[in-house]
Amino acid sequence: MADPDPDSTAAMPAELNLDVQWIDGTDPDEPSYQTHQLEAHTFVIRQSLRLSPEGPFIFLLFGASRALLLDTGAAKGPAASQLRSVVDTLIDDWLTAHPRENYELLVAHSHGHGDHTAGDDEFIERPRTTVVPGELDSVVEYFGFAQWPAGTATLDLGSRELLVIPSPGHQAAAVTFYDPWTGLLLTGDTVYPGRLYAPDMGAFASTIDKLVDLAAHHPVSHLLGCHIELPRKPGADYPLGARRHPDERPLTMSVPQLQALRKLAAECVDNPGVHATDDFIVYSGMRRRDQLKLLFRSIGSPLRK
Ligand SMILES: [Zn+2]
C-alpha cells in the first residue's frame, strides 16, 4: 500500500493516534464538532450529543486523487452547514500540505439512516463533489455490486484502495469499509460499543460472519463504528436518548470483540429480543423505533399530553 501522499516514501500501514477524549455532552460549552487526526490522511469527526442524542462519528479519508467523507451526521440546517465548514477546512489544510489540482470529494454513507445522512444537502452543490444517496439502489449502482449482498467492491481514492463490504442487517443499504492504509474496519451501526439494532437478524449474523472472515485474511488494526452508547463500567448503560455520556468507552473495538459478537449474533438468530454482553446489547428482530415505542408505553409518551 503506497502512501496517499506521493511525495512520501512510506509504504507501510500508518500508525494511528488513538489518544483522544471525545466530547460527550457533559460540558455545556463543548463545540458542535470535534475533529481528531488519526494519522496524516485520516480524520474522525464527532458530532456533539447536544445537537443530537445520537452523537454520531463521521470519517474523512484522504487519497491521492479524492477524499471520502463517510456520513454527514444527524443535523440539518445551520449545524449541518457548520459540518460543511469543518470538512472544507480539513480539505483546504490537507491540500495546502499536499498540493494538487481538481481534488474531488466523495460523500458516501455507512448506511441510510437519518442520523448519518441528515447533512447531505450541504454537500450537493459543493464543487467537484459526488454525493451517493443512502438508498440501496444508489449504493449498489455507485459501487458496482454485481450480486448484492454477495461479493465486495473496491473504492480507489488514489493510492488508497478501500474494500467495500455489503453489510445488511441493521439497515438494508449498510456497508463496511476496510482501509488497508490504516487497517481500519469502519463498521457504521453494525458494530460499535452500544445497542446494535438488527431488525433483520439473519442478515446481520451473516454480515458479522463476513467481517470475521475478512479480519482473518487482512490485517485489521481496529474497528471504528458510528456511536458510543456504553460507559466504561461493565453492565452499565446510558438511558435511551441521553444527551450526556459521562465516562464513555473508547470508540475503538478489536477483532476478538468482533469474534465474540459473531457468537452472540448466531445465538440471537432464532431468539428475537434483547441480548446483552459487557460489550454489546443486540436487539434481535427489533428496530430502534420499536424500542422507543415500548419505552413510551411503559413510561407514558411525552408526546401524549
Ligand atoms: Zn442506523
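Residues numbered from 1 in each chain as written. Predicted model: local features only at pLDDT ≥ 70, side-chain atom pairs only at ≥ 80, totals over all residues. Heavy atoms only, no water.

Comments concerning the coordination of the zinc ion
Here comes step 1: Protein ligation of the zinc ion involves His-111 (NE2), His-113 (ND1), His-170 (NE2) and Asp-189 (OD), the donor distances falling in the range 2.1 to 2.5 Å.
Here comes step 2: Note that the zinc ion binds four donor atoms; their angles at the metal cover 86 to 172°, and the shape is irregular.
Here comes step 3: Site description for the zinc ion: donor spacing in sequence, H-x1-H-x56-H-x18-D. On the criterion of sequence distance, the pair formed by His-113 in the loop between strand E5 (104–108) and helix H2 (114–117) and Asp-189 in the loop between strand E10 (184–188) and strand E11 (194–198) is long-range, its members being 76 residues apart.
Here comes step 4: Residue Asp-189 is classed as buried on the basis of its relative accessible area of 5%. (Donors = N, O, S within 2.8 Å, 3.2 Å for Na, K, Ca; no water. Tetrahedral: all angles 85-135°; square planar, octahedral: opposite > 155°, others 65-115°. Helix = DSSP H or I, 4+ residues; strand = E, 2+ residues; numbered from the N terminus. Buried < 20%, exposed > 50% of the residue type's maximum accessible area, 1.4 Å probe, protein only.)

What to know about the side chain of Arg-249
Here comes step 1: Tracing the backbone through its elements, the reader meets Arg-249 in the loop between strand E12 (222–225) and strand E13 (252–253).
Here comes step 2: A distance of 2.8 Å separates a polar side-chain atom of Arg-249 from the backbone oxygen of Asp-278.
Here comes step 3: In this structure the side chain of Arg-249 is engaged in a polar contact, spanning 2.9 Å, whose partner is the side chain of Asp-279. (Polar contact = N/O pair within 3.5 Å; in protein donor to acceptor, adjacent residues only side chain to side chain.)

Points about the layout of surface pockets
Here comes step 1: Its volume calculated, the largest pocket comes out at about 350 Å³.
Here comes step 2: Lining the largest pocket are 18 residues, with His-113, His-170, Gln-171, Pro-199 and Arg-287 positioned closest to its centre.
Here comes step 3: Looking at the lining of the largest pocket residue by residue, the class counts come to six nonpolar, five polar and seven charged.
Here comes step 4: Its volume calculated, the second largest pocket comes out at about 260 Å³.
Here comes step 5: Residues belonging to the lining of the second largest pocket are distributed by class as follows: eight nonpolar, four polar and four charged. (1 Å grid on protein atoms, 1.4 Å probe; cavity = no way out; pocket = protein on both sides within 12 Å on 5 of 7 lines; lining within 4 Å. Points joined across faces, edges and corners; volume = space filled by probe spheres on them. Nonpolar A, V, L, I, M, F, W, Y, C, P; charged D, E, K, R; others polar.)

Remarks on the environment of Gly-25
Here comes step 1: Among the structural elements, Gly-25 can be located in the segment before strand E1 (33–39).
Here comes step 2: With residues near it in sequence (within four places) discarded, Gly-25 still touches Glu-30, Leu-49, Arg-50, Arg-243 and Arg-244. (Contact = heavy atoms within 4.5 Å.)

Observations concerning the packing of aromatic side chains
Here comes step 1: If you walk through the whole model with that rule in mind, you get 10 aromatic pairs.
Here comes step 2: Between the aromatic rings of Phe-62 and Tyr-103, the centroid separation amounts to 6.4 Å while the plane-to-plane angle is 20°, which identifies the pairing as stacked. Placement of the pair is Phe-62 in strand E3 (residues 57–62) and Tyr-103 in the loop between helix H1 (78–97) and E5, with a sequence separation of 41 residues. An identical accessibility class is assigned to Phe-62 and Tyr-103; each is buried. (Phe/Tyr/Trp six-rings, centres within 6.5 Å; stacked < 30°, edge-to-face > 60°.)

Quick notes on the sheet that holds E5
Here comes step 1: A sheet is described by the order of its strands in space; here six strands give the open sequence E1-E2-E3-E4-E5-E6, paired in mixed fashion. Pairing within the sheet leaves two strands with one partner each, and these edge strands are E1 and strand E6 (129–131). Going from strand to strand, the sheet's axes swing by 15° on average, the running direction of each strand aside.
Here comes step 2: Direction of pairing for E3 relative to strand E4 (residues 66–70): antiparallel, over a ladder of four bridges. Each residue of the ladder has a partner; that of Phe-62, found in E4, is Ala-67. (Pairing = 2+ DSSP bridges. Axes fitted to C-alpha atoms, helices over the stretch in contact; angles between N-to-C directions.)

Describing the nonpolar core
For soluble globular proteins, nonpolar side chains are generally found buried alongside one another.
Here comes step 1: Counting residues in each nonpolar core, the largest one holds 30 residues, and the members touching the most others are Phe-59, Leu-68, Phe-143, Leu-155 and Phe-177.
Here comes step 2: Elements that contribute at least two residues to this core include exactly E3, E4, E5, helix H4 (136–143), strand E7 (153–156), strand E8 (161–166), strand E9 (175–179) and E10.
Here comes step 3: The element that contributes the greatest number of residues to this core is E3, accounting for three residues.
Here comes step 4: In contact with Leu-155, other than residues within four places in its own chain, are Arg-66, Leu-68, Leu-106, Tyr-142, Phe-143, Arg-160, Glu-161, Leu-162, Val-164 and Phe-177. (Core = buried A, V, L, I, M, F, W, Y, C linked by side-chain atoms within 4.5 Å.)

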